[in-house]
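# Analysis of the macromolecular model
Letter by letter, the chains look like this.
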Number of protein chains: 2
Amino acid sequence: MLGIKDMNSNFLKVLNQQSAEHTPIWLMRQAGRYLPEYRKTREQAGSFLNLCKNPDLATEVTLQPLRRFALDASIMFSDILVVPEAMGMHLYFSDGEGPKFTNPLQSSLDVDALKVIEPDFDLAYVMQLIRNLKQELPRNTPLIGFSGSPWTLACYMIEGGSSKNYEKIKTWVYSHPQQLHNLLDKVSIAVADYLVAQIKAGVDTVMLFDSWGGVLSEAKFIEFSHAYLAKVLQRIQLSLPANKTPSIVFTKGGGVWLEQLDQLKCNALGVDWTIDIGKARSQTTKVIQGNLDPVMLSVANPSIIKTEVSRIIQAYREANAGDLTGHIFNLGHGILPSAKLDNVSALIDAVHELSQR
Amino acid sequence: MLGIKDMNSNFLKVLNQQSAEHTPIWLMRQAGRYLPEYRKTREQAGSFLNLCKNPDLATEVTLQPLRRFALDASIMFSDILVVPEAMGMHLYFSDGEGPKFTNPLQSSLDVDALKVIEPDFDLAYVMQLIRNLKQELPRNTPLIGFSGSPWTLACYMIEGGSSKNYEKIKTWVYSHPQQLHNLLDKVSIAVADYLVAQIKAGVDTVMLFDSWGGVLSEAKFIEFSHAYLAKVLQRIQLSLPANKTPSIVFTKGGGVWLEQLDQLKCNALGVDWTIDIGKARSQTTKVIQGNLDPVMLSVANPSIIKTEVSRIIQAYREANAGDLTGHIFNLGHGILPSAKLDNVSALIDAVHELSQR
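Remember, predicted model here, so these are calculated numbers, not experimental data. (Residues numbered from 1 in each chain as written. Chains lettered and ligands numbered in written order. Predicted model: local features only at pLDDT ≥ 70, side-chain atom pairs only at ≥ 80, totals over all residues.)

### Here's the deal with the nonpolar core
Core analysis: the largest hydrophobic core is formed by 235 residues, its most contacted members being A154(A) and A154(B). Residues in contact with A154(A), not counting those within four places in the same chain, are I169(A), L180(A), L183(A), L184(A) and V187(A). (Core = buried A, V, L, I, M, F, W, Y, C linked by C-beta atoms within 7 Å. Buried ≥ 20, exposed ≤ 12 C-beta atoms within 10 Å, placed from the backbone. Contact = placed C-beta atoms within 7 Å.)

See below:
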């Protein structure tokens, strides 16, 4: 039954505001290019998109970091842009340049032409991946499903790829707001239905990556990102009234908006490395996920990482009346391809050791 | 005599916490590529660096935006990287890619090899520019001098140019902190001495651009950027004990650290567009400079810009007990080359009109 999860997991205990044996840790993009075995499977797949669409290979790369490291959760291997692709956009990945769309959205006609997705059909390969993982994962390792936030997906759909100044989507924000609201409505439905399908297929929690919410002013963030994060969370709840699957929202650069993010009906908020975690703790009642600078794993060494982990845990504890409850350790953004394996091990060991209850 | 400024300027009145006729406005990078006459002079100069080093042409481009727009302040045309260049690094500007150093710093030997600058000699062309401008500027138009912050200059000096993840300088942050402190000490002295020379040459205020402070965690920001902003401000005061020239500090992405920035001995803090200006007002006692999203000037129209100006002024007023004192209007970052001239006019008119006392 939905919502009955294996509560032996420290990750799920903390997400549900319960006490745990230690602070759990997982890493954004933990199945990724810093792992030699990932690079090998990626090569075998031929392309990044092939890898996303092949449930067997995607299962393999999801499991790879768990074989090396004592991670407290797994996250299904996929890309946020599979949703716009399922809506009819043509996606490709150029090496070194990141994902691109061949025909970025330019008009309301382009918005109208986007398909309403049926996730079990249009994203069947993700659902198969989830079912595979429910078989393959160790019993105490929960599975995180995810989607991009509506705003972040709209950024890629309009910009056509990553962007420096977001001039195209900001043209919609400032000069064609209704057209953008229509797009975000449509994308929100797709995102919510996609996450509902993931929950039904068996994920233990869902995460919304609002990677580009931070490029907006506060007023526009509330109007064009926050409102649609709320809409997605609401639609999930309406679709699955008995659902207790916890949810995590991460707005990169959202440290200045924690007060507003705290109003979302989610269980946890991700924070990047720029805000002190003690300050974050004082600004939200939700579980906090974060917040080591990911670059540390590339440029520091195990001893320096342990010192930094200690500082973060201590800052959290001091702001939380001496208690470590309500903190999931993570990076402040995805792990970089240049991350060193011994630093990753050191990080995970340090979190577990320094947060023993 | 230093510190006796023409107080008919609304900009200087506000910087000194006095009442003014209206909220003053100037624009970061107001002499820049969005102006056709700038592009012409830039072409005449042959290169960006030639333009910086030619006081006559630099005077011309400083004055250009003032001829078109009712700006309340001017800022000397220059680049923050002239300081590392004067310290002995070889700087070049590749079109489209921004500034680069041929030989980025790699070791403590490279730090030791940096020259101690004598600004009146090594940056004589900037001092000549300031003297020119004091002759040429309208009497009520104050002149802003500036420098990059020690941290931001160190970023360029170590990365060799702009950077995505700042892995090189973060290697110093996390693995060679003493070497980085030595560099920042040396750069702080150069920056302070450079600003002292600018004050002696006649600028009415000095601004520190901490463009990349926002890439750090709070703890590292305090250690590697904030501490050296404080050092620069202190050294200026020690060099010029009777100095009353006001100072402005702008850390892009610093909205989460306003409490700490408030402790600096400067008169004003710049804020980017991501933080609500009302929220910023409640977190610092200093004058606030900001905070329109610069992309608006490229993608919106005059009517939308007026609405946004109204929103910002209203948010400031509400957070400041109905009073507009203590706000200098600006963008949240430099104006883009794609900014439209009629939008710039509309912005300046709207600020003046909507903030009439």
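### A short note on the interface of chain A and chain B
A common measure of how large an interface is: the accessible area buried when the components associate. In this assembly, 29 residues from chain A lie in contact with 29 residues from chain B. Listed by contribution, the elements that provide at least two residues to the side of chain A that touches chain B are α10 (167-175), α12 (218-239), α15 (296-299) and α16 (302-319) of chain A. Considering every element that reaches the side of chain A that touches chain B, the biggest residue donor is α10(A), with 5 residues. Broken down by class, the residue content of the side of chain A that touches chain B amounts to 12 nonpolar, 11 polar and 6 charged. (Helix = DSSP H or I, 4+ residues; strand = E, 2+ residues; numbered from the N terminus. Nonpolar A, V, L, I, M, F, W, Y, C, P; charged D, E, K, R; others polar.)

### Looking at the environment of P150(A)
Considering the arrangement of structural elements, one finds P150(A) in helix α9 (residues 150-159). Residues P150(A) and D323(A), spaced 173 residues apart in sequence, show a C-alpha to C-alpha distance of 35 Å.

### Section: the sheet that holds strand β8 (residues 287-292) of chain B
Residue and element names in this part refer to chain B. Spatially, β1-β4-β5-β6-β7-β8-β9 is the arrangement adopted by the 7 strands of the open sheet, whose pairing is parallel. If you trace the sheet from one side to the other, it starts and ends with β1 (74-75) and β9 (327-331), each paired once. In this sheet, β8 lies alongside strand β7 (residues 268-270) in parallel orientation, the contact comprising 3 bridges. Bridged to A268 within β8 is V287. (Pairing = 2+ DSSP bridges.)

### Looking at the relation of the copies chain A and chain B
Overlaying chain A with chain B gives an RMSD of 0.0 Å, the required rotation being 180 degrees about an axis along which the chain moves by 0.0 Å. Taken together, the turn and the small shift mark the pair as related by a two-fold rotation axis. Distance from the rotation axis, computed per C-alpha, reaches its smallest value in chain A at V256(A): 2.8 Å. Most of the interface of chain A is mirrored in chain B: 100% of its interface residues are interface residues there too. (Least-squares fit on C-alpha atoms with pLDDT ≥ 70 in both.)

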